[in-house]
Amino acid sequence: MACHVCGLLVQARPGHHPHCPRCGSALHFRKPNSLSRTWALLLTAMMMYVPAMALPVMQTSAFGSTQGDTIMSGVIYFLKGGDWPLALVIFVASVMVPILKMMALIYLLISVQRHSRLRHRQRTVLYRITELMGRWSMVDVFVIAIMAALVQMGNLAQITPGLGAVAFASVVILTMLSALSFDPRLIWDHQEQLQHHE
Ligand SMILES: [Zn+2]
């Protein structure tokens, strides 16, 4: 079996809890409770997506009045100001990417649970893309930081992060953990069983 961390291929003995001789991490044929863990983290991420979109990600205080901005109202703000490339970046990174990641994980989970024999290679590629996007998810958080900095430069205003930012960060972290809990080897399991029977 292969080490999750460093990829070293280790010869396994059954009924034994081996550790990787190179990096010392625990080895498993399949990640334990992969499907339930992935589902649990994914469902929590989906629930947190609602306050992430509905609650203000930042509070702008200027001249005694306080205004809350959600991600979408920020996108509309830049769109109205004619800054459509920035509006597009925020929309894609903060609204579309989390939805696409969650949809990809739902598809992978359901196809594994239904023992799908279709498109193994494409599904593995989809998993790799989802996992790869996870590493860049913090881009979304940087976008909010840039947005805050831009507004801060524009006015004599004070910017404070809102509850929506906390919810949004939790969506990013939860989808990353969910993708990490999923074991892509499960995609190929039914295929291998099938070949053994033939
Ligand atoms: Zn290792």
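Anyway, here's the lowdown on the structure attached to this text.

Cut-off values and rules
Residues numbered from 1 in each chain as written. Predicted model: local features only at pLDDT ≥ 70, side-chain atom pairs only at ≥ 80, totals over all residues. Axes fitted to C-alpha atoms, helices over the stretch in contact; angles between N-to-C directions. Helix = DSSP H or I, 4+ residues; strand = E, 2+ residues; numbered from the N terminus. Parallel < 35°, antiparallel > 145°, perpendicular 65-115°, else oblique. Left-handed = near helix turned anticlockwise from the far one by under 90°. Contact = placed C-beta atoms within 7 Å. Nonpolar A, V, L, I, M, F, W, Y, C, P; charged D, E, K, R; others polar. Expected span 1.5 Å × (residues − 1). Buried ≥ 20, exposed ≤ 12 C-beta atoms within 10 Å, placed from the backbone. Core = buried A, V, L, I, M, F, W, Y, C linked by C-beta atoms within 7 Å. Pairing = 2+ DSSP bridges.

Right, let's get into the packing of helix α1 (residues 34–54) against helix α3 (residues 84–113). Running from N to C, α1 and α3 cross one another at 150°; their axes reach a closest spacing of 11 Å. Taken together, the axis directions place α1 and α3 in an arrangement best described as roughly antiparallel. Considering how the two elements wind past one another, α1 and α3 form a crossing that is left-handed. On the side of α1, the interface is formed by L35, T38, W39, L42, A45, M46 and Y49, while α3 contributes P98, M102, L105, I106, L109, V112 and Q113. Taken together, the residues that form the contact of α1 with α3 break down as twelve nonpolar, two polar and no charged.

All right, on to helix α6 (residues 163–181) then. Helix length check: α6, at 19 residues, gives a terminal C-alpha distance of 27 Å against a target of 27 Å (1.5 Å per residue), a fit within 8%. All of the buried residues along α6 are G164, A165, F168, V171, V172, L174, T175, M176, S178, A179 and S181.

In this section: the nonpolar core. Grouped together as the largest cluster of nonpolar side chains are 26 residues, with contacts concentrated most on A45, M48, L105, F168 and V171. Sorting the residues of this core by element identifies α1, α2 (71–80), α3 and α6 as the ones contributing at least two each. The greatest single-element share of this core, amounting to seven residues, is contributed by α6. Aside from chain neighbours lying at most four places away, what touches A45 is M102, V171, L174, T175 and S178.

Packing of α2 against α3 brings their axes to within 7 Å, and their N-to-C directions diverge by 160°. By the angle class used here, α2 and α3 are roughly antiparallel. As for how α2 packs across α3, the hand of that crossing is left-handed. Along the contact surface, α2 presents I71, G74, V75, F78 and L79, while α3 presents W84, L86, A87, I90, F91, S94 and V95. Residues that form the contact of α2 with α3 fall into these classes: ten nonpolar, two polar and no charged.

All right, on to the pairing of strand β1 (residues 58–62) then. Residues in a regular strand project their side chains so that they alternate between the two faces of the sheet. Pairing of β1 with strand β2 (residues 65–69) involves five bridges; the strand directions are antiparallel. Bridge pairing links T60 to Q67 in β2. Between β1 and β2, which pair antiparallel and follow one another directly, the connecting turn spans two residues, one of which, F63, has a positive phi of 50°.

Within the element layout of this structure, Y77 appears in helix α2. Judged by local crowding, Y77 falls into the partly exposed class, with 16 C-beta atoms found within 10 Å. Spatially, the C-alpha atoms of Y77 and A87 are 8.1 Å apart, while their sequence positions differ by ten residues.

Nothing here speaks to function; it is all geometry.
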